[in-house]
Amino acid sequence: MSATARHLAFALEALGETTNDVAEFLAAGGWTGLRSDGRACPIAIYLSSVVPNISDVYVTPYELVVVTGDGEEIDTALPVGPSDFVSAFDDGAYDDLAAVITDEFGEVTDDLER
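The present account deals with the structure reproduced in this document. (Residues numbered from 1 in each chain as written. Predicted model: local features only at pLDDT ≥ 70, side-chain atom pairs only at ≥ 80, totals over all residues. Heavy atoms only, no water.)

## What to know about the nonpolar core
(1) Moving on: In this structure, Leu 26, Ile 43, Leu 47, Val 59, Leu 64 and Phe 85 are the most contacted members of the largest nonpolar core, which totals 26 residues.
(2) Moving on: Contributing elements (two or more residues each) for this core: helix 1 (3-15), helix 2 (19-29), helix 3 (42-50), strand 1 (54-59), strand 2 (63-68) and helix 4 (80-90). (Core = buried A, V, L, I, M, F, W, Y, C linked by side-chain atoms within 4.5 Å. Buried < 20%, exposed > 50% of the residue type's maximum accessible area, 1.4 Å probe, protein only. Helix = DSSP H or I, 4+ residues; strand = E, 2+ residues; numbered from the N terminus.)

## A word on the pairing of strand 2
(1) Moving on: Note that strand 1 and strand 2 share 5 bridges and pair antiparallel. In the strand pairing of strand 2, Asp 56 is matched with Val 67.
(2) Moving on: Remark: 3 residues form the turn of the hairpin made by strand 1 and strand 2, two consecutive strands paired antiparallel.
(3) Moving on: Counting the residues that bridge the hairpin from strand 2 to strand 3 (residues 73-77) gives 4 residues, and of these Gly 71 lies at a positive phi of roughly 90°. (Pairing = 2+ DSSP bridges.)

## Overview of the pattern of salt bridges
(1) Moving on: Throughout the structure, instances matching the rule amount to 2 salt bridges.
(2) Moving on: Ionic pairing is found between Asp 95 and Arg 35, a salt bridge with its closest N-O pair at 2.6 Å. Here the residue Asp 95 occupies a position in the segment after helix 4, and Arg 35 occupies one in the loop between helix 2 and helix 3, the gap between them amounting to 60 residues.
(3) Moving on: Among the residues examined, Asp 95 registers a relative accessible area of 57% and is labelled exposed.
(4) Moving on: Exposure remark for Arg 35: the relative accessible area of 18% places this residue in the buried category. (Salt bridge = Lys/Arg side-chain N within 4 Å of Asp/Glu carboxyl O.)

The following block contains the structure:
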């Protein structure tokens with residue numbers, strides 16, 4: 001197992017076992033993100049900031065794909081707590097963790113305008 005894979009496993013375990021554990025952990029760390037965006041959800045933002053040597057990360061409710069700076073691809077199933085969190089977040093839960101996209105005038109835009 002590579003060093004990045006070990007860091008990734010530790011970071012996923014730190015998120016917690018339940019949906020609420022994950023949400024509380026992310027909120028405490030200030031990690032927010034976009035709904036239905038696997039590269040910009042709170043878990044992707046968290047992993048990108050705490051796991052060294054990640055060049056790309058993509059999260060779905062079922063799996064996690066990480067590409068390291070060395071080109072290694074790590075594809076793994078998400079643990080139950082993070083998996084349930086992604087589903088709930090994408091369905092509208094945890095508004096405090098949802099980042100807001102604004103245009104150059106500070107007006108909130110929706111996902112279709114990104």
